[in-house]
Amino acid sequence: MDPPEPPQLTFESAENIILRWDTTSSEQPRDRTIFDGGDRHEINQYLDAVDEIQRSLESATLTEPDHQSKAKTAIRIAMARLEDEFRNLLTAHTSPIETDCLVDPNFSFKKHCRTSSSSDGAVLPAESFTDDEGLESSTCVSYRFANRICEIDSIPSDAISDLRSIAERMISAGYLRECVQVCVGVRRSCVDASLVRLGIEKSSIDDIQRMEWENLETMIRWWIRAARVSIRMVFASEKRLCEQIFRDLGSSSIDEFCFAETVKGQALQLFNFAGAISISPRTPEKLFKILDLHDAMLDLLPDIEVVFESELSKMIRVEAAEILSELTEAVRGILTEFENAVLNEPSKVAVPGGTIHPLTRYVMNYMCLITDYKQTLVDLIVSKPELRHSDDPTDVEFEVVEGRTPLASHLIWIIVILQSNLDGKSKHYKDPALAHLFMMNNVHYIVQKAKGFPDLKEMIGVGYLKKLSGKYRQLATSYQRSTWVKVMHCLRDEGLHGSGSFSGVSKSALRERFKSFNATFEEVHKTQATWLIPDAQLREELRIQISELLIPAYTSFLGRFRSYIESGKHPETFIKYSVEDLEADILDFFEGTSASQQQLKRRSQ
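Not measured: the values here are computed from a predicted model.

A. Main features of helix α10 (residues 287–307). Under the 1.5 Å per step criterion, the end-to-end length of α10 is 29 Å for 21 residues, consistent within 8% with the ideal 30 Å. Its axis deflected by about 40° at Leu301, α10 carries its strongest bend there, up to four residues before the proline Pro302. Burial of α10 is extensive: 15 of the 21 residues sit out of reach of the surface.

In structure tokens:
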């Protein structure tokens with residue numbers, strides 16, 4: 001047998017219920033709340049009383065002026081009470097988001113998750129989330145957490161139902177503005193607190209740009225994680241809450257207005273950090289963190305479009321898109337600045353021993369890091385490097401290859417201008433042989449570094465690397481000519497014979513020739529032992545080439561003329577080097593050691 005329906009309230013009984021909860025008439029109603037007491041009978045009775053008073057006003061059944069006045073007074077009292085109840089309910093169930101979500105997106109909250117409509121379709125298996133009581137919540141078919149919107153139902157469903165009941169009556173009575181103001185005020189504070197917990201601080205653009213870059217790098221890493229949680233969880237959950245309370249009540253856009261007013265300031269403050277970074281001075285060391293920011297914003301943009309989809313939130317979508325565009329321009333600008341810095345790096349002091357220049361190491365390490373962002377840069381770099389006119393004093397050769405991507409062309413262009421700069425630095429060496437050795441070392445380093453990173457090797461291309469390899473071998477040949485032609489000149493036969501076709505060897509000329517060889521080789525040995533080839537394999541290859549050039553020629557010269565010297569006085573004065581001595585001394589070349597270090601090495605052997 002169904003329970004009897006409650007008796008219909010009369011205007012008088014409804015008025016009495018409203019007045020009984022009037023906070024201005026007695027102390028008791030101030031200390032108690034209707035909706036948070038757990039008494040469903042009281043709650044329903046009060047709502048019915050409000051409905052009855054409102055029906056009476058709308059039906060025009062209250063013809064007498066004093067009844068009209070009483071009804072209007074009762075409604076004002078009821079709305080004041082409902083406004084307080086609405087605020088109390090929201091406040092009682094409002095708390096900042098747990099920062100655990102930064103580490104564990106499945107922390108124990110009841111969640112409702114959905115995928116972004118613009119996702120790439122990489123769907124993971126369905127997941128079920130449970131609340132603290134172990135009750136199964138809605139099933140979530142989602143992508144990995146980094147690509148999904150995850151809405152938290154932080155207010156219980158019965159409280160949502162009560163909030164909606166209050167909102168419905170306040171809107172019906174013409175108190176929409178008051179209701180929305182309360183919701184915005186309470187929830188905005190909650191969103192503020194959540195963002196503070198996530199590390200989003202209120203800072204001006206000037207404040208951010210005055211910070212040391214090392215500190216900003218740390219902040220960027222944290223901001224990216226915090227932005228993901230803010231957009232996909234904090235703002236998305238706030239939007240869902242506004243929909244749960246206001247959707248289909250009164251105006252169709254109440255929920256959208258409430259959401260926009262609640263989070264607009266915080267969203268713009270969140271983006272303010274990325275915006276400040278995007279317009280900061282464009283220096284090469286900022287490239288990779290700005291690329292991280294760019295990729296994070298690009299990844300978040302589809303979710304921003306979903307969360308802030310309404311016309312009332314358009315300014316937030318526009319702001320996010322503009323910041324992404326500014327970050328894109330910042331990346332392109334930094335790469336241009338990097339090119340200019342490589343071409344015009346001003347150091348004029350020659351590096352000792354002709355070793356690898358710090359600029360070469362810096363540029364190649366930078367390029368290897370660039371390949372970590374290959375996919376992003378392939379999309380951002382849309383034009384080939386600008387070629388210089390032939391009358392430009394810094395004109396360098398650049399070969400345009402059909403089918404080469406703009407990113408690959410850009411990387412090769414950097415290598416080209418790096419070589420141009422290094423070529424200028426090589427002019428600071430007084431010894432041409434050392435200048436060739438310096439260029440050989442640096443070009444060889446460029447080749448080996450590129451070969452060691454598959455992505456860089458692939459983008460530069462095997463053909464270009466072969467061209468560079470040929471260049472450093474050519475430089476090795478140029479070094480040999482600059483150094484060893486004068487040494488080999490001492491081992492020639494010309495000028496050693498006296499006048500006349502039957503004349504013998506001139507001993508005086510032969511002695512001078514040996515002395516000349518000794519002095520020349522000793523000087524080369526003394527000097528070039530202090531030169532440095534850091535790469536062990538390249539160092540050994542060049543020593544072998546020197547040995548193959550020098551040792552056979554010296555062995556032959558010694559074999560032909562040793563007897564002439566040994567038959568005279570003090571032969572050791574002229575024949576100072578045996579073949580074994582030369583072979584041992586060649587092992588000293590390109591070690592970067594001084595004469596004293598060479599002597600210590602000899603004694604230890």
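Structure's up, so let's keep going.
B. Examining the pattern of salt bridges more closely. A complete count under the given rule lists 29 salt bridges for this structure. Taking the shortest distance from any N to any O, the salt bridge between Arg40 and Asp162 comes out at 3.1 Å. Placement of the pair is Arg40 in helix α3 (residues 40–59) and Asp162 in helix α5 (residues 157–172), with a sequence separation of 122 residues. Assessed through its relative accessible area of 5%, Asp162 is described here as buried.

C. Representation of the side chain of Arg187. Relative to the helices and strands, Arg187 is located in helix α6 (residues 176–197). What makes Arg187 buried here is its relative accessible area of 5%. Here Thr94 takes part through its side chain, which lies 2.8 Å from a polar atom of the side chain of Arg187. Filtering out sequence-adjacent residues up to four positions away, Arg187 remains in contact with Leu90, His93, Thr94, Ile155, Glu238, Leu241 and Thr262.

D. The arrangement of unusual backbone geometry in detail. The phi torsion at Asp248 lies on the positive side, around 70°, for a residue other than glycine. Position of Asp248 relative to the elements: it lies in the loop between α8 (213–246) and α9 (254–278). Taking the relative accessible area as the measure of exposure, Asp248 reaches 65% and is therefore exposed. Positive phi, close to 65°, is recorded for Phe590, a residue that is not glycine. Since its relative accessible area comes to 0%, Phe590 is described here as buried.

E. View of the environment of Leu249. Mapped onto the elements, Leu249 comes out in the loop between α8 and α9. The sequence separation of Leu249 and Ser172 amounts to 77 residues, and the corresponding C-alpha distance is 8.8 Å.

F. Layout of the packing of aromatic side chains. Evaluation of the coordinates by the stated rule reveals 21 aromatic pairs. Judged by centre distance (5.7 Å) and plane angle (80°), the rings of Phe589 and Phe590 are edge-to-face. Take Phe589: its relative accessible area is 0%, and that puts it in the buried class. Through a chain of ring-to-ring contacts, the aromatic side chains of Tyr479, Trp484, Phe517, Phe521, Tyr554, Tyr577, Phe589 and Phe590 assemble into a single cluster.

G. Molecular detail of the confidence of the model for the protein chain. Looking at the protein chain, the pLDDT average stands at 83 and 81% of residues meet or exceed 70. Here strand β2 (residues 127–130) stands out as the element of the protein chain with the lowest mean pLDDT, 32, in contrast to helix α15 (residues 432–452), whose mean of 96 is the highest. Ignoring residues within four places in sequence, the model shows residues 115–147, a span with pLDDT below 50, making 58 contacts including any to other chains.

H. Expanded view of the packing of α6 against α9. Two numbers describe how α6 lies on α9: the axes approach to 9 Å, and their chain directions differ by 35°. Between α6 and α9 lies a crossing of right-handed hand. For the pair α6 and α9, contact is made by Leu176, Val180, Cys183, Val184, Arg187, Arg188, Val191, Asp192 and Leu195 and by Ile254, Phe257, Cys258, Glu261, Thr262, Val263 and Gln266, respectively. Per-class residue counts for the contact of α6 with α9 are 10 nonpolar, two polar and four charged.

I. Main features of the nonpolar core. Counting 178 residues, the largest nonpolar core has Phe86, Phe235 and Phe246 as its most contacted members. In this view, Phe235 contacts Val191, Leu195, Ser230, Phe259, Val263, Gln266, Ala267, Leu270, Val307 and Phe308; residues no more than four positions away in its chain are not counted.

J. Helix α18 (residues 507–528), seen in detail. Given a rise of 1.5 Å per residue, 22 residues ought to cover 32 Å, and the 31 Å separating the end C-alpha atoms of α18 matches this to within 8%. Considered for burial, the residues of α18 that qualify are Leu510, Arg513, Phe514, Phe517, Asn518, Thr520, Phe521, Val524, His525 and Gln528.

K. Structural view of the environment of Leu434. Following the sequence through the fold, Leu434 ends up in helix α15. When its relative accessible area of 10% is taken as the criterion, Leu434 is described as buried. Between the C-alpha atom of Leu434 and that of Thr527, which follows or precedes it by 93 residues, the distance is 9.9 Å. When neighbours within four sequence positions are excluded, Leu434 is seen to be in contact with Gly353, Gly354, Tyr429 and Trp531.

L. The arrangement of the side chain of His444 in detail. Its location among the elements puts His444 in helix α15. A relative accessible area of 7% means that His444 is categorised as buried. Every residue in contact with His444, bar those within four places of it in the chain, is listed here: Tyr472, Asp535 and Leu538.

What counts as what
- Residues numbered from 1 in each chain as written.
- Predicted model: local features only at pLDDT ≥ 70, side-chain atom pairs only at ≥ 80, totals over all residues.
- Heavy atoms only, no water.
- Helix = DSSP H or I, 4+ residues; strand = E, 2+ residues; numbered from the N terminus.
- Expected span 1.5 Å × (residues − 1).
- Bend = angle between axes of the 7 residues up to and from the residue.
- Buried < 20%, exposed > 50% of the residue type's maximum accessible area, 1.4 Å probe, protein only.
- Salt bridge = Lys/Arg side-chain N within 4 Å of Asp/Glu carboxyl O.
- Polar contact = N/O pair within 3.5 Å; in protein donor to acceptor, adjacent residues only side chain to side chain.
- Contact = heavy atoms within 4.5 Å.
- Phe/Tyr/Trp six-rings, centres within 6.5 Å; stacked < 30°, edge-to-face > 60°.
- pLDDT = per-residue confidence, 0-100.
- Axes fitted to C-alpha atoms, helices over the stretch in contact; angles between N-to-C directions.
- Left-handed = near helix turned anticlockwise from the far one by under 90°.
- Nonpolar A, V, L, I, M, F, W, Y, C, P; charged D, E, K, R; others polar.
- Core = buried A, V, L, I, M, F, W, Y, C linked by side-chain atoms within 4.5 Å.

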